[in-house]
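# Descriptive analysis of the structure
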Amino acid sequence: MRRNRSRRRSPLPTDVVANKGPHSLTTPAYTPLTQAQVDEIVNTAIELLATSGVVFEAGGEADGLLRGAGCNFSDDGIVTIPESVSRRALETAARMTTLWDRNGENPISIDCDHTWFMPGMTCIAVYDENTGEPRPSTREDLALITRVADKLPHVDAVCIAVKNVEESNQFGEIDEFACMMENTIKPLEYLCEHPSSLEAVIDMAAALRGSHDALKAKPYFLHLITPLPVNLARIHSDQIITAARAGIPVGVGTLPIGGASSPITLAGCITHALMTDFAAIVLGQLAAKGSFCVGCSDVNFMEPATGAIGSFSQTSVADMAMCQVRRALGFPSLTGIGGCSVARRFNQDAVWEISSNMTQMFYNRPATIDYMGSLDQGLTYSLHALLLCDDLAGLLRKMWQGLEISSDQMAVDLIREVGPTGNFLAHQHTVDNCRTQVWNTRYFGPNIPLSNSGLADQDLFARLDDDLREKLAELQQPELPLETQAAVTAISEKYRNLLV
């Protein structure tokens, strides 16, 4: 039967969220490597740390910790880490942690069994709402994106989506944490350049919780540290030590570019990245044994034709392999590559890449997907892209539920009852199950304007734009308790005065 062409468009689905439980119970992750290959990569990375080494910039507390553990320092600053030290650190590092929201409620488990979605990260531009062209991002942009993310059903925590470019200093990066605190109830993900900025936001989070011990019991944010490949500056090693001792979950990962800062081959780039990860884990365990300090390097490759970051096939396979290696070690993979695009603006190219790499996460199973909404090779942020990512996150969660194999779900009795010539449309089994495994999409499926649906012939961008405008019109800032706001402001001003 053809539907009436004059059928009125139904409203977009509201915040009906698919199950956010473990993705590991019904469907397996993809494993492109054999166990022998995983072991060879891990063993090679550990052996190279012991022979080729890694740079730890001298002058900080890391020097004494590493020397005390038996690491060797060369005259040119290269540190070699004995295999026994690396393996001991990999054994004692925590395999999971929990983040709690601003109210100390709604915990999310960072482990190998869950995937959480976040907007990010640290773009320096947004698309101007009037011209559509990129412009430098501001604190107001970060506040707006954070408030939108706070209302999206599949966004689980919030990262620094954009920088306040006018305040590109230590106070600015401290204030980014305060801005996110003010504009979302959800847990946070943070990264900074200065170790003292991390100390400041730990104080802010402790003020929110009531004490540093309370913060350690219920961590409010996941901290990311981003050194160069096999080269940890003092600002990075100091942050590892500070976070580990404060009980702040920390992920340390480099962004190797195969063919430039790392080997061009898949296996070579992965091995090089793991050397950085393992060196950071060693320092984290020397600072606080049993702390959650894990590696989170994202493997990228140079596009030979342009010299830019790209090579989608290489990056995709490498990310699958990295996720498998970490799972084999029991570590969750942080900063999954889904939700971003190298495209200059939100167009067909961006939709293709975002759809591809988000759907790929079904196979990879990272613990966090932190780049949702990032375009233009990580430079420019798009709220339209964020809305698309949120919808696709709902698709992933529905797919991760898998399928139940039982007599009822196989409809054994029903098939016998209806027989080979019957019809299942009007049967109660159809009524009971017709929506149980349907993706409750806001933009696709029943919202696609088919020739027989009666919906307005709107392109995907127009559907996204309409939804975005509705959301922006309804946005409200989640109220931060006055005493917490006062404490956060006092800490911010303290650091602002230190910079004057």
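The structure presented is a predicted model; accordingly, all values stated were derived computationally and were not measured.

Reading the values: rules and limits
Residues numbered from 1 in each chain as written. Predicted model: local features only at pLDDT ≥ 70, side-chain atom pairs only at ≥ 80, totals over all residues. Heavy atoms only, no water. Helix = DSSP H or I, 4+ residues; strand = E, 2+ residues; numbered from the N terminus. Buried < 20%, exposed > 50% of the residue type's maximum accessible area, 1.4 Å probe, protein only. Contact = heavy atoms within 4.5 Å. Pairing = 2+ DSSP bridges. Axes fitted to C-alpha atoms, helices over the stretch in contact; angles between N-to-C directions. pLDDT = per-residue confidence, 0-100. Expected span 1.5 Å × (residues − 1).

### Observations regarding the environment of Thr122
Take Thr122: it is sitting in the loop between β6 (116-119) and β7 (125-127). What makes Thr122 partly exposed here is its relative accessible area of 24%. When the C-alpha positions of Thr122 and Tyr371 are compared, they lie 9.1 Å apart, and in sequence the two are 249 residues distant. Setting aside residues no more than four positions away along its own chain, Thr122 makes contact with Ile160, Ala161, Val162, Lys163, Leu191 and Gly378.

### Topic: the sheet that holds strand β16 (residues 309-310)
A sheet is described by the order of its strands in space; here three strands give the open sequence β13-β15-β16, paired in mixed fashion. Pairing within the sheet leaves two strands with one partner each, and these edge strands are β13 (257-258) and β16. Bridging between strand β15 (residues 300-302) and β16 involves two bridges; their strand directions are antiparallel. Looking across to β16, one finds that Phe301 is bridged to Gly310. Against the sheet, helix α10 (residues 312-329) touches β15 and β16, its axis set at about 155° to β15.

### Description of the confidence of the model for the chain
Across the chain, the average pLDDT comes to 92, with 96% of residues at 70 or higher. Long-range and interchain partners of residues 1-15, a stretch whose pLDDT sits below 50, account for 22 contacts in this model, where long-range means more than four residues apart.

### A few points about the pairing of β6
Of the two faces of β6, both are covered, the one formed by Trp116 and Met118 as well as the one formed by Phe117 and Pro119. Strand direction decides the pairing type here: β6 and strand β17 (residues 368-372), joined by three bridges, are parallel. Residue Trp116 lies in a different strand from β17, and its bridge partner there is Thr368.

### A few points about the side chain of Thr97
Relative to the assigned elements, Thr97 resides in strand β4 (residues 97-99). Apart from residues no more than four positions distant in its own chain, Thr97 is found in contact with Ile108, Ser109, Ile110, Pro249 and Phe292.

### Details of helix α1 (residues 35-51)
Between its first and last C-alpha, α1 extends 24 Å over 17 residues, near the 24 Å set by a 1.5 Å rise per residue. Among the residues trailing α1, Gly53 stands out with phi positive, at a value near 90°.

### Remarks on the sheet that holds strand β11 (residues 231-232)
Hydrogen bonds along the backbone pair up the strands of a sheet, which may run parallel or antiparallel. Strands sit in the order β2-β3-β1-β11 across an open sheet of four strands; the sheet is mixed. The sheet is open, and its two borders are formed by β2 (72-73) and β11, each paired with just one other strand. Both strand β1 (residues 54-56) and β11 contribute to a ladder of two bridges, which runs parallel. Bridged to Val55 within β11 is Asn231.

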